[in-house]
Protein chains: 2
Amino acid sequence: MINAEERIHHEGLRNKIMSAEQAAEFVQNGMNVAITGFTGAGYPKLLPTAIAEKAKAEHIAGRPFSIGMITGASTAPECDGVLAAANAVHFRNPFQSDPSMRNGINAGNIAYQDMHLSHVEQQMRQGFYGSFDLAVIEVSGITKDGKLIPAMGIGHANEALKVAEKIIIEVNFAQNAKLEGMHDVVFDIGVPPHRKPIAITGPFDRIGSPYLECPEEKIVAIVLSNSGDRNSKFADPDDNSKAIAAQIIDFFSHEVKAGRLPKNLLPLQSGVGNVANAVMAGLLDAPFDELTGYTEVLQDGMLDLILAGKMQHASATALSFSPDALQRFNDNIDFLRDKLILRPMEYTNNPEVIRRLGIIGMNAMIEADIYGNVNSTHVMGTKMMNGIGGSGDFTRNAFFSFFVSPSVAKDGAISCIVPMVSHHDHTEHDVMFIVTEQGMADLRGKSPRQRAQLIINNCAHPDYRDMLRDYYDRAEKAGSLHTPHLLMEALSWHQRFVETGDMRIK
Amino acid sequence: MINAEERIHHEGLRNKIMSAEQAAEFVQNGMNVAITGFTGAGYPKLLPTAIAEKAKAEHIAGRPFSIGMITGASTAPECDGVLAAANAVHFRNPFQSDPSMRNGINAGNIAYQDMHLSHVEQQMRQGFYGSFDLAVIEVSGITKDGKLIPAMGIGHANEALKVAEKIIIEVNFAQNAKLEGMHDVVFDIGVPPHRKPIAITGPFDRIGSPYLECPEEKIVAIVLSNSGDRNSKFADPDDNSKAIAAQIIDFFSHEVKAGRLPKNLLPLQSGVGNVANAVMAGLLDAPFDELTGYTEVLQDGMLDLILAGKMQHASATALSFSPDALQRFNDNIDFLRDKLILRPMEYTNNPEVIRRLGIIGMNAMIEADIYGNVNSTHVMGTKMMNGIGGSGDFTRNAFFSFFVSPSVAKDGAISCIVPMVSHHDHTEHDVMFIVTEQGMADLRGKSPRQRAQLIINNCAHPDYRDMLRDYYDRAEKAGSLHTPHLLMEALSWHQRFVETGDMRIK
């Protein structure tokens, strides 16, 4: 049983409490809606279902109903999932990972703009999306003076509150009340040409207030929810992940020994997913202490580094934990409050801060090609997986940029090293290291042809090395020798997979 | 007749004056050499020829001789040209535009690393290239206390002086002595994690000293030169360039009217070349005053905006003028000294400053595809033209990012709008506007399929529109509808050009 007074200390706002169904009446067809949520954290739990139900009823009545939906990043089945399934979304950005939403995008029903997450808030502010009719924001509580205590993710919440005409707040009673004070929310980065430097010179610098704010009169509804975040389980690190982690850790040791990297490394960024999480897990047993983190999403691996005393502190925009890790987080929240900061995505992903701090960026990929270009988003060149997220923000500005993947997928039918990537998200100019379980290619200071030798020999799976060498050798004979390619064959491996289910020639 | 005392006010350094041939004796086979030069400005005029002659003699004697050569950007025939022609270079980065150098790269004789110019200095400092045996630096004079007065370009000079074991200085007596005081050179951006914000909050903020410095004992030779920079002539704006400029200016007017852009716009960045220069020329007659510039290379167009009183001031790392513009620059140098700043490329191209200031980035391209990816570097996917230069640094961090090109080249045999670019330098996530003489496509907030409609209808040449529509329509029927492609046909236009000399089907 929820007692509203426990979390909503502002009396005027308590008067705006209503059901999700009532609040959904504020949502009209064609609206441009900013909805919080970042990698399965901080998304509204009830209102999306109410909007979806309204959409279905409208569709049955023969009326059109859909919204434009701009989030921080991915949400969950009860947000992206229900809205996509109800055909209630006509435009979506900047990132998603829900199967229903993905299907809607790839079926051509939902216009999806894939974008760098550091661009989202500034482009909302600069008017690139026109006006926002509504924002739907999850928080963990409201203070006596009406300030909002964010939940497990901030994302674009601060900007959504500013640009939206009307605001619906979901107060989630299932979130830990002790989250209060963990956030660092800044209210005025400004619009060019009147911007000042972002005063973050270390991962744990606080530059703002811990609360989100908005004028009371903009809040049209308060909905009370009481359920957890997505909290997907991570796979235990397998042999491939361990081999990838071991090589990266060996390289760090080498660079520390050579005096090119501090003993406690540099602030670590880790992309989402199992492999990236496994690299963090590998650092638990590595000979580095006093580590720091400056990352977009903080997952189990980095949490455990902090709990083990290996990492001093970390900054992120969202916490994305497995159920077990969430328990560890809640059990240790008093300890963790001085070691974790959650910030708006505009700061966590800002190129200014990332380049200044000298982040070590580690991100997963779908595939890399022999010249070091990386595809993070498209399956076989045409189908959207999730999106580029913050991987570009971090990669281009990192001190070291790593891309990691097992060398093959689908029981060997797909090589993650291909002649040419079928979609380009990170170009040869940005990618410094490719790492698979087979080995690592250090691409720094290398020409394309030098890179090709390293990637084929060190990273490709043995089953594909001869095929790659054959392609490369024939490309070298075909024409220009800066970036040799056979244009009519460059994407043939992907086409073969589409047709036969295997990149290998049977 | 050169009088050394006129430009070299430090007696000890005058004792190190020698001929270029003598200085070339310090250059040994296999050395890693940092050579200044940025877009035909600030490169050594004499030493490269002396090194080339030495290389030829060594080769005749049957001995290997070549160097690794890291510049600011492109140089000129008497630098890149003579060294490439003498087979005296085995590694080159980060940018070049000399025909001999380009031929050496595309013939596979020179390993070339194409890279973002903002990365160059920090990667030198961070040890990514190992040690630097030598730096060769052009300056316009030396002060009494041994400080170096830069010439018409800075590029990576400050970092080259720091990392090189030995230094050879070319003092160019042909440069205007009044350049003294125009530069803003900062000496300590630091290595992560100990970096502070770069305190530039407006294009004309000075944050450093106007002089380059290095320990006297590192300087092993001073060579006296007396000849001008490359100073290539720009083509007069043709109808295509004027049409491109007119659309961009119309868009600016529209945004100013809507209140989304200040009346004096935002700091302008203009890429190199005729079309970019023509856009600046177009602003001469546009209804905007008090403009500012924050750009990598300042060309005739921006100079004339300043001289005409339309632009208040500008910051760049190099001045690249036609002979006529150079005359105007020298005639007005007292006026211009308070309106131009030259900085290291690490600052002009820094993502921190570019994003903070909210630059309007305008860069030329080789081709764009129907989804808004841009190729800036490779002809027909395999042959290096010049390099990415600073276009990526500016594009990804700009308030507005424009890519411009006439819609066709080679009398219509090449379409600059293609199904898939043959090399990816700027991805769909970074490119906001494509502009040809046919029209403009505003890609902001658009899905790939929405972008395709805009680019085909607005930007493609009429001769190619039906071909593009045919490709797109068939791709839509072939599979996933996020980014429709026909993988085996995506690069066929380029292959057809290679085989027949025309992208059109005859």
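The residue count restarts for each chain, going from 1 along the sequence in the order it is written. Note on labels: chains are lettered from A, ligands numbered from 1, in written order. Note on the predicted model: pLDDT of at least 70 is required for a residue's local features to be given, and 80 or more for side-chain atom pairs to be given and counted; whole-chain, interface and lining totals, by contrast, use all residues. Calculated side-chain values reflect all of the structure's heavy atoms, with hydrogen atoms and water omitted.

This paragraph deals with the overall build of chain A. For chain A, the helix and strand inventory stands at 19 helices and 25 strands. Just to be clear, the radius of gyration here is over C-alpha atoms, and the globule rule we use is 2.2 Å times residues to the power 0.38. Radius of gyration (C-alpha) of chain A: 23 Å, near the 23 Å computed for a compact globule of 506 residues. Evaluated residue by residue, chain A yields a buried proportion of 65% over its 506 residues. Note on definitions: a residue-residue contact is assigned when non-hydrogen atoms from the two residues lie within 4.5 Å. Sequence separation of 24 or more characterises 74% of the internal contacts of chain A that already satisfy a separation of 6 or more. The Shrake-Rupley method, run with a 1.4 Å probe, gives the accessible areas here. Residue values count only the displayed protein chains as cover. By element, 49% of the accessible surface of chain A is carried by carbon and sulfur atoms, the whole surface being about 16100 Å². Here the positive residues are Lys and Arg and the negative ones are Asp and Glu; neither His nor the chain ends is included. All charge positions are set by atom: Lys at NZ, Arg at CZ, Asp at CG, Glu at CD. Of the charged side chains in chain A, 46 are positive and 60 negative; the average position of the first set lies 3 Å away from that of the second. Starting at the N terminus, helices and strands are each numbered in turn, a helix being any DSSP run of H or I of at least four residues and a strand any DSSP run of E of at least two. Residue exposure (1.4 Å probe, protein chains only): buried if accessible area is under 20% of the type maximum, exposed if over 50%, otherwise partly exposed.

All right, on to unusual backbone geometry then. Residue and element names in this part refer to chain B. Across the junction of asparagine 93 and proline 94, the peptide omega takes the value 0°, indicating a cis bond. Within the secondary structure, proline 94 is located in the loop between β3 (89-93) and α6 (99-106). The omega torsion across proline 192 and proline 193 is 10°, close enough to zero to call that bond cis. Position of proline 193 among the secondary structure elements: in the loop between β7 (164-172) and β8 (219-225). For asparagine 87, which is not a glycine, the phi torsion comes out positive at approximately 50°.

To describe a pair of aromatic rings, you give the distance between the ring centres and the angle between the ring planes. All names here are of chain A. Stacked, edge-to-face and tilted are the three classes for Phe, Tyr and Trp ring pairs, Trp counted by its six-membered ring, which pair at centre distances within 6.5 Å; planes under 30 degrees apart are stacked, over 60 edge-to-face, the rest tilted. A complete count under the given rule lists 26 aromatic pairs over all chains for this structure. Ring centres of phenylalanine 252 and phenylalanine 288 lie 6.3 Å apart, and the angle between their planes is 70°; on these two criteria the pair is classed as edge-to-face. Of the two residues, phenylalanine 252 sits in helix α9 (residues 239-257) while phenylalanine 288 sits in the loop between α10 (274-283) and β10 (291-294), which places them 36 residues apart along the sequence. Side by side, phenylalanine 252 and phenylalanine 288 carry an identical accessibility label, which is buried. When the centroid spacing of 5.5 Å and the interplanar angle of 85° are considered together, the rings of phenylalanine 400 and phenylalanine 433 count as edge-to-face.

Right, let's get into the domain arrangement of chain A. All names here are of chain A. The split into domains, and so the bounds of each, comes from an automatic or database assignment of domains. According to the domain assignment, chain A contains domain 1 (4-225) and domain 2 (239-463). Each of domain 1 and domain 2 has a C-alpha centre, and the two are 28 Å apart. Taken together, the contact pairs 48 residues of domain 1 with 52 residues of domain 2. A 1.4 Å probe defines the accessible area here, and the buried area is the portion of it lost by two parts on being joined, summed over both. Taken together, both faces of the contact between domain 1 and domain 2 bury some 4100 Å²; the carbon and sulfur share is 61%. By the criterion of area lost to domain 2, the three top residues of domain 1 are Met182, Pro203 and Phe204, representing 19% of everything that side buries. In the sections that follow, a salt bridge refers to a side-chain nitrogen of Lys or Arg positioned within 4 Å of a carboxyl oxygen of Asp or Glu. Inspection of the region where domain 1 meets domain 2 yields three salt bridges. Any pair of nitrogen or oxygen atoms within 3.5 Å is treated as a polar contact; in protein, a donor-acceptor pairing is required on top of that, and neighbouring residues in sequence qualify only through side-chain atoms on both sides. Linking domain 1 to domain 2 there are 29 residue pairs in polar contact (both at pLDDT 80 or more). Listing elements by their share of the side of domain 1 that touches domain 2, those giving two or more residues are α6 (99-106) and α7 (117-125).

Aligned on chain A, chain B shows an RMSD of 0.0 Å; the corresponding rotation is 180° and the shift along the axis is 0.0 Å. Overall, the copies show the geometry of a two-fold rotation axis. Ranked by how close their C-alpha atoms come to the rotation axis, the residues of chain B are headed by Glu352(B), at 2.0 Å. Both copies present the same face, since 100% of the interface residues in chain B are matched by interface residues at the equivalent positions in chain A. When the copies are superposed, the least-squares fit takes in the C-alpha atoms of residues with a pLDDT of at least 70 in both.

Taken together, the contact between chain B and chain A spans 81 residues of the former and 81 residues of the latter. When chain B packs against chain A, close to 6800 Å² is buried across both sides, 56% of that on carbon and sulfur atoms. It is Arg355(B), Arg396(B) and His429(B) in chain B that bury the most area against chain A; as a group they hold 12% of the surface buried on that side. Between chain B and chain A we count two salt bridges in total. Arg356(B) is paired through a salt bridge with Glu352(A); the nearest N and O atoms lie 3.0 Å apart. Here chain B and chain A share 33 residue pairs in polar contact (both at pLDDT 80 or more) between them. At the level of secondary structure, the elements contributing two or more residues to the side of chain B that touches chain A comprise α6, β4 (111-112), α7 (117-125), α15 (351-357), β19 (383-384), α16 (391-397), α17 (448-459) and α19 (492-500) of chain B. Looking at the side of chain B that touches chain A, the element that brings in the most residues is α15(B), giving five residues. We call Asp, Glu, Lys and Arg charged. Ala, Val, Leu, Ile, Met, Phe, Trp, Tyr, Cys and Pro are nonpolar, and the rest, Gly among them, are polar. In terms of residue class, the side of chain B that touches chain A is built from 31 nonpolar, 33 polar and 17 charged.

In this section: the sheet that holds strand β17 (residues 374-375) of chain A. In a beta sheet, neighbouring strands pair by backbone hydrogen bonds and run either parallel or antiparallel. Pairing in this open sheet of three strands is mixed, and the strands run β17-β16-β23 (chain A) from one edge to the other. Edge positions in the sheet fall to β17 and β23 (417-418) of chain A, since each of these pairs with one other strand and no more. Strand pairing follows a simple DSSP-based rule, namely that at least 2 bridges must link the two strands.

For side chains bearing opposite charge, pairing can occur when the charged atoms are close. Taken as a whole, this structure holds 50 salt bridges over all chains when the rule is applied. The shortest N-O distance in the salt bridge between Lys310(A) and Asp289(A) comes to 3.4 Å. Pair noted here: Lys310(A) is in the loop between α11 (300-307) and β12 (311-316) and Asp289(A) is in the loop between α10 and β10, with a separation of 21 residues, a long-range link. Here Lys310(A) falls in the buried class, since its relative accessible area comes to 11%. Arg469(B) is the salt-bridge partner of Asp466(B), the closest N and O atoms lying 3.4 Å from each other. You can see Asp466(B) and its partner Arg469(B) sitting in helix α18 (residues 462-478), three residues apart, about one turn around the helix. Taken together, the shared-partner salt bridges connect Glu352(A), Arg356(A), Glu352(B) and Arg356(B) into one network.

All names here are of chain A. On the secondary structure map, asparagine 373 appears in the loop between β16 (367-369) and β17. Remark: the alpha-carbon pair of asparagine 373 and valine 421, spanning 48 residues in sequence, is separated by 6.7 Å. Side-chain polar atoms of asparagine 373 contact the backbone nitrogen of glutamate 428, separated by 2.9 Å.

Now for the packing of helix α17 (residues 448-459) of chain A against helix α18 (residues 462-478) of chain A. Residue and element names in this part refer to chain A. Only the stretch in contact is used when a helix axis is fitted, and all axes are lines through C-alpha atoms; the angle between N-to-C directions ranges over 0 to 180 degrees. Remark: α17 packs on α18, axes separated minimally by 10 Å, with the N-to-C direction vectors making an angle of 165°. Judged on the interaxial angle alone, α18 and α17 are roughly antiparallel. Note on packing geometry: the crossing formed by α17 with α18 is left-handed. Facing α17, whose interface residues are Arg449, Ala452, Gln453, Ile456 and Asn457, α18 presents Arg465, Leu468, Arg469, Tyr472 and Glu476. Its residues assigned to classes, the contact of α17 with α18 shows four nonpolar, two polar and four charged. When describing relative orientation, an angle under 35 degrees is termed roughly parallel and one over 145 degrees roughly antiparallel, while 65 to 115 degrees is termed roughly perpendicular and anything else oblique. If you view the pair so one helix is near and one far, a crossing is left-handed when the near helix is turned anticlockwise from the far one by less than a right angle, and right-handed when it is turned clockwise.

All right, on to the UniProt feature "domain: Acetyl-CoA hydrolase/transferase C-terminal" (unreviewed entry) in chain A then. The UniProt entry lists residues 327-471 of chain A under the feature "domain: Acetyl-CoA hydrolase/transferase C-terminal" (unreviewed entry), expressed in the numbering used here. In the segment residues 327-471 of chain A, helix accounts for 34% and strand for 23%; the C-alpha atoms at its two ends are 51 Å apart. UniProt positions are given in the numbering used here, feature names are shortened, and annotations may be inferred rather than shown by experiment.

All names here are of chain A. Listed under "binding site: CoA" (unreviewed entry) in the UniProt record, and renumbered for this structure, are Gly271, Val272, Gly273, Asn274, Val275, Ile366, Asn386, Gly390 and Lys410. Taking the farthest pair of C-alpha atoms as the criterion, the annotated set spanning 140 residues is dispersed, since that pair is 26.2 Å apart. Within the secondary structure layout, glycine 273 lies in the loop between β9 (268-270) and α10. If we ignore the near neighbours within four places in the chain, the residues touching glycine 273 are Phe234 and Gln299.

Residue and element names in this part refer to chain B. With mixed pairing, three strands are arranged side by side in an open sheet as β17-β16-β23. At either end of the open sheet lies a strand with only one pairing partner, and these are β17 (374-375) and β23 (417-418). Here strand β16 (residues 367-369) runs beside β17; their pairing, made up of two bridges, is antiparallel. What sits directly across from alanine 368, in β17, is valine 374.

To continue, consider α18(A). All names here are of chain A. In a helix, the anticipated span is given by 1.5 Å times the number of residues less one. Between its terminal C-alpha atoms α18 stretches 25 Å, which fits the 24 Å expected from 17 residues at 1.5 Å a residue. All buried positions along α18 are accounted for by Tyr464, Arg465, Met467, Leu468, Tyr471, Tyr472 and Ala475. Considering only its buried residues, α18 is in contact with β21 (408-409), β22 (414-415), β23, α17 and α19 (492-500).

Attention now moves to the side chain of Thr143(B). All names here are of chain B. Looking at the element boundaries, threonine 143 is found in the loop between β5 (132-142) and β6 (148-150). The exposure class of threonine 143 is buried, given its relative accessible area of 10%. If we skip the residues at most four places from it in the chain, threonine 143 touches His9, His10, Ile149, Glu180 and Tyr211.

All names here are of chain B. The terminal C-alpha atoms of helix α4 (residues 47-60), which comprises 14 residues, lie 20 Å apart, in line with the 20 Å expected from a rise of 1.5 Å per residue. Buried-residue contacts for α4 involve α3 (20-24), α5 (77-85), β5 and β7. Of the residues one or two after α4, glycine 62 is the one with positive phi, at around 80°.

Across chain A, the average pLDDT comes to 96, with 100% of residues at 70 or higher. Scored by ipTM, the complex comes to 0.98, with pTM at 0.98. Looking at any residue, its pLDDT shows the predictor's confidence there, from 0 to 100.

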